Amino acid sequence: MTRSQVLKISFLSVFFLLIVNQVALSINLFWAVWWMDLVLHFLGGLVIGSVIISLFLRRSDPFLYMAGVVTTITMIVALGWEGYEFFAQIAYARNYIVDTLTDIGFGLAGALTMTIFAHAILNRKKKN
């Protein structure tokens, strides 16, 4: 799979995530299913991780470097999103700090899952 193909899949994943988010908002799924928010933050982390890997990283990069870059950029995006939720007053959790930390944690978990997956795939292809 070429870098441009991975990038196309990554951006299609962004649009898929946006559609799932809009559907969940329109049918009040975030309030009906308490863990829906966590699933979307994990999926968001997967998508952010895939975009970062396809744009900024190479096959030859060591795993710890990839994980550091992905973690840093994902953290910046997650903090930006949580800041947006706070200032737009769209955060409805009873305990906002716990909710925010959980959201960031699930986003980072998704991004690191993508990093582990991508590193394994890239190294497997490099050896063949």
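Shown above is the structure to which this text applies.
It should be emphasised that the depicted structure is a prediction, and the values quoted were computed from it without experimental measurement. (Residues numbered from 1 in each chain as written. Predicted model: local features only at pLDDT ≥ 70, side-chain atom pairs only at ≥ 80, totals over all residues. Heavy atoms only, no water.)

1. Comments concerning the overall build of the protein chain
Counting its regular elements, the protein chain contains five helices and zero strands. Secondary structure elements in the protein chain, listed N-terminal to C-terminal, are α-α-α-α-α. For the protein chain, the spread of C-alpha atoms along the three principal axes comes to 50 × 25 × 20 Å. Every one of the 128 residues in the protein chain was classed for burial, and the buried ones make up 32%. Put simply, of all contacts in the protein chain between residues at least 6 apart along the chain, 70% involve residues at least 24 apart. Counting only carbon and sulfur atoms, one obtains 73% of the accessible surface of the protein chain, whose full area is about 8,300 Å². Within the protein chain, one finds 9 positive and 6 negative side-chain charges whose respective centroids are separated by 23 Å. (Helix = DSSP H or I, 4+ residues; strand = E, 2+ residues; numbered from the N terminus. Buried < 20%, exposed > 50% of the residue type's maximum accessible area, 1.4 Å probe, protein only. Contact = heavy atoms within 4.5 Å. Areas by Shrake-Rupley, 256 points an atom, 1.4 Å probe, with all protein chains shown as cover. Lys, Arg positive; Asp, Glu negative; His and termini not counted. Charge placed at Lys NZ, Arg CZ, Asp CG, Glu CD.)

2. Notes on helix H4 (residues 63–87)
Here H4 contains 25 residues, and its C-alpha end-to-end distance of 36 Å stays within 8% of the 36 Å for a straight helix at 1.5 Å per residue. Backbone geometry just downstream of H4 places Gln89 in the positive-phi region, at approximately 55°. (Expected span 1.5 Å × (residues − 1).)

3. A look at the side chain of Asp61
Residue position: Asp61 is located in the loop between helix H3 (36–56) and H4. When neighbours within four sequence positions are excluded, Asp61 is seen to be in contact with Met66 and His119.

4. A few points about the nonpolar core
Core analysis: the largest hydrophobic core is formed by eleven residues, namely Leu46, Ile52, Ile53, Leu57, Met66, Val69, Val70, Ala111, Met114, Ala118 and Leu122. For this core, the element with the most residues is helix H5 (residues 96–127), which contributes four residues. Those residues in contact with Ile52 that sit more than four places away from it in its chain are Leu57, Val69, Val70, Ile73 and Thr74. Grouped together as the second largest cluster of nonpolar side chains are seven residues, Leu17, Ala24, Val47 and Val51 included. (Core = buried A, V, L, I, M, F, W, Y, C linked by side-chain atoms within 4.5 Å.)

5. Some thoughts on the environment of Val69
Note that Val69 resides in helix H4. A sequence separation of 46 residues divides Val69 from Thr115, and the C-alpha atoms of the two residues are 9.9 Å apart. Those residues within four positions of Val69 in sequence are excluded, and the remaining contacts are Ile52 and Leu57.

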